[in-house]
Amino acid sequence: MQERLKELQEEAIQKIEQSASLKELNDIRVAYLGKKGPITEVLRGMGKLSAEERPVMGALANEVREAIAVKIEAKQKGLEEAAVLEKLATERIDVTLPGRPVKVGNHHPLTRIIEEIEDLFIGMGYQVAEGPEVEQDYYNFEALNLPKGHPARDMQDSFYITEEILLRTHTSPVQARTMEKHEGKGPIKIICPGKVYRRDNDDATHSHQFMQIEGLVVGENIRMSDLKGTLEVFAKKMFGDDREIRLRPSFFPFTEPSVEMDISCKICGGKGCSVCKQTGWIEILGAGMVHPNVLEMAGYDSKKYTGFAFGMGPERIAMLKYGVDDIRHFYTNDVRFLKQFSVEE
Ligand code: 2U9
């Protein structure tokens, strides 16, 4: 019996040494140390032994069992370590490989134009003012010398929410609100960018929603020559020092006198081409001296205070500057269009 136990020990240790996987090792454990294993069987046969032999055999059987268990544990550790090392070798990550490129966006062309215009006027001492897009009829029309029933209201077909509330048709209500806040005192120098809405059928040059930037200066001794000088600086900074400006008489209900400003055509240098419709000039904006009624309605003494105002459409400026042929490109957000305006900043 002693020999059988020694044999079993040697046999098991040999198999443990040869085992190449954790599964194989576990099978050996079950085979030798399990309830149905040969050692258990040997122990079961101990009943036939004499009282002197029994403890000796018991101790030996436990020794053998312990020796096999220790060997299995050591082998298991070795196999587990080898598995980890193999995993580390096969699943190695090369941290020096370049990462996936991150897609970088850029400012929308209209945002760029608006910010360029804002910066230009901020440089001349203006502040940026903003206001609500859902506006009261009073600020959108009435305070701007456009009382109910005024025929000029028809030029700005509107989206009404109620009789008294509408989507603003221009950013002028922001100037009206700013003037009201100043309670009849000057000076005011503001630039008002924002989205506006008009009931219009969309085509290459019209959109039911578009952007505007308007400016307003109110103070003492503000004259038409101040307006002209300001617009000339703006035109040259925006379109190039070689641009000439021209003012033509026009009409707006909120300004008197009113003008429209053209810049000389860059394409033909003023000779006439298809871009300037053979005139040599391109219309850029509208402007004028603030109508005394508008000043009075906002609480200003129009004998003491005067002012000038101007308004332009960033879409039109961007179309001219970048040669865009359809206003709808600005709103459909096709990345092939937008990507053309990417700049390294
Ligand atoms: C107040 C007083 C006066 C703003 C002005 C224009 C002329 C003008 C349009 C041109 C094309 C905007 O983009 S557009 O639709 N604007 O021509 N806007 S004077 O005059 C004001 C505004 C507010 C209190």
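Cut-offs and rules
Residues numbered from 1 in each chain as written. Predicted model: local features only at pLDDT ≥ 70, side-chain atom pairs only at ≥ 80, totals over all residues. Heavy atoms only, no water. UniProt positions renumbered as here; feature names shortened; annotations may be inferred. Near = heavy atom within 4 Å. Polar contact = N/O pair within 3.5 Å; in protein donor to acceptor, adjacent residues only side chain to side chain. Areas by Shrake-Rupley, 256 points an atom, 1.4 Å probe, with all protein chains shown as cover. Helix = DSSP H or I, 4+ residues; strand = E, 2+ residues; numbered from the N terminus. Patch = residues over 30% accessible without salt bridge, like charges linked within 9 Å, V, L, I, M, F, W, Y side chains within 5 Å. Salt bridge = Lys/Arg side-chain N within 4 Å of Asp/Glu carboxyl O. Lys, Arg positive; Asp, Glu negative; His and termini not counted. Charge placed at Lys NZ, Arg CZ, Asp CG, Glu CD. Buried < 20%, exposed > 50% of the residue type's maximum accessible area, 1.4 Å probe, protein only. Axes fitted to C-alpha atoms, helices over the stretch in contact; angles between N-to-C directions. Parallel < 35°, antiparallel > 145°, perpendicular 65-115°, else oblique. Contact = heavy atoms within 4.5 Å. Nonpolar A, V, L, I, M, F, W, Y, C, P; charged D, E, K, R; others polar. Phe/Tyr/Trp six-rings, centres within 6.5 Å; stacked < 30°, edge-to-face > 60°. Expected span 1.5 Å × (residues − 1). Arc of directions from axis to C-beta. Core = buried A, V, L, I, M, F, W, Y, C linked by side-chain atoms within 4.5 Å. Pairing = 2+ DSSP bridges.

- The name given to the chain in an unreviewed UniProt entry is Phenylalanine--tRNA ligase alpha subunit, and the organism recorded there is Neobacillus vireti LMG 21834.
- In UniProt, the chain has this text filed under Subunit (unreviewed entry): "Tetramer of two alpha and two beta subunits."

## Focus: the site of the ligand
- Taken together, 18 residues surround the ligand, and among them Gln212, Glu214, Phe252, Gly286 and Gly313 come closest.
- Contacts to the ligand include glycine 286, whose backbone N or O atom sits 3.5 Å from an oxygen atom.
- With the chains in place, 88% of the 560 Å² that the ligand exposes on its own is no longer accessible.
- When residues of the shell around the ligand are traced back to their parent elements, those giving at least two are helix H7 (172–181), strand S5 (209–219), strand S8 (281–290) and strand S9 (306–312).

## A short note on a negative patch on the surface
- Together, Asp154, Asp157, Asp200, Asp202 and Asp203 line one region of the surface with negative charge.
- Mapped onto the fold, aspartate 157 is located in the loop between helix H6 (137–140) and strand S3 (165–167).
- For aspartate 157, a relative accessible area of 40% translates into the label partly exposed.

## Looking at the packing of helix H1 (residues 2–18) against helix H4 (residues 53–90)
- One can describe the packing of H1 onto H4 by two numbers: an axis separation of 10 Å at closest approach and a directional angle of 0 degrees. Accordingly, the angle class assigned to the pair H1 and H4 is roughly parallel. For the pair formed by H1 and H4, the contact residues are Gln2, Leu5, Lys6, Leu8, Gln9, Ala12, Ile13, Ile16 and Glu17 on the first element and Val56, Met57, Leu60, Ala61, Val64, Ala67, Ile68, Lys71, Ile72 and Lys75 on the second.
- Of the residues contributing to the contact of H1 with H4, the split by class is 13 nonpolar, 2 polar and 4 charged.

## Description of the side chain of threonine 171
- In this structure, threonine 171 sits in the loop between S3 and H7.
- A distance of 3.4 Å separates polar atoms of two side chains, one belonging to threonine 171 and the other to glutamate 214.

## Looking at the side chain of arginine 168
- Its location among the elements puts arginine 168 in the loop between S3 and H7.
- Buried within the structure, arginine 168 lacks any salt-bridge partner; glutamate 133 is the closest side chain of opposite charge, at an N-O distance of 4.5 Å.
- Here proline 132 takes part through its backbone oxygen, which lies 3.3 Å from a polar atom of the side chain of arginine 168.
- Once residues within four sequence positions are removed from consideration, arginine 168 is found in contact with Gly131, Pro132, Glu133, Glu135, Asn140, Pro173, Val174, Gly194, Lys195, Val196 and Tyr197.

## Describing the packing of aromatic side chains
- Counting across every chain of the model gives 10 aromatic pairs.
- Taken together, a centroid distance of 5.0 Å and an interplanar angle of 75 degrees make the contact between phenylalanine 121 and tyrosine 126 edge-to-face.
- On the basis of relative accessible area, phenylalanine 121 is assigned to the buried category, the value being 0%.
- Their ring planes at 5 degrees and their centres at 6.0 Å tell us that phenylalanine 252 and phenylalanine 254 sit as a pair that is stacked.

## Re helix H8 (residues 224–239)
- Taking 1.5 Å per residue, 16 residues should reach 22 Å; H8 reaches 22 Å between its end C-alpha atoms and fits that length.
- Of all the residues in H8, the buried ones are Leu227, Thr230, Leu231, Phe234, Ala235, Met238 and Phe239. Burial along H8 is one-sided: seen end-on, the buried residues are contained in an arc of 135 degrees.
- Following H8 by one or two positions, glycine 240 adopts a phi angle in the positive range, close to 120 degrees.

## Looking at the UniProt feature "binding site: Mg(2+)" (unreviewed entry) in the chain
- The UniProt entry lists Glu256 under the feature "binding site: Mg(2+)" (unreviewed entry), expressed in the numbering used here.
- Relative to the elements of secondary structure, glutamate 256 occurs in strand S7 (residues 255–264).

## Some words on the nonpolar core
- Grouped together as the largest cluster of nonpolar side chains are 43 residues, with contacts concentrated most on Phe234, Ile284, Phe310 and Met312.
- Only helix H5 (109–122), S5, H8, S7, S8, S9, helix H10 (314–322) and helix H12 (335–338) provide two or more residues apiece to this core.
- Filtering out sequence-adjacent residues up to four positions away, methionine 312 remains in contact with Ile117, Phe121, Met211, Gln212, Ile213, Phe234, Ile284, Leu285 and Ile317.
- With 21 residues, the next largest nonpolar core counts Val174, Ile188, Val218 and Tyr300 among its residues.

## A closer look at the pairing of strand S4 (residues 188–197)
- Of all 10 residues making up S4, 8 are buried, and the element is well covered by its neighbours.
- Examined bridge by bridge, S4 and S5 share 10 bridges and lie antiparallel to one another. Residue pairing across strands places isoleucine 191 opposite glycine 215, the latter belonging to S5.

## Some thoughts on the sheet that holds S9
- An order of S1-S4-S5-S9-S8-S7-S6 is seen for the 7 strands of this open sheet, with the pairing classed as mixed. Lying at the two open borders of the sheet, with one neighbouring strand each, are strand S1 (127–128) and strand S6 (245–252).
- Here 8 bridges tie S7 to S8, and the two strands are oriented antiparallel to one another. Within S8, the residue paired with aspartate 262 across the bridge is glutamate 283.
- Sitting on the sheet, H8 touches S6, S7, S8 and S9, and the angle it makes with S8 is about 150 degrees.

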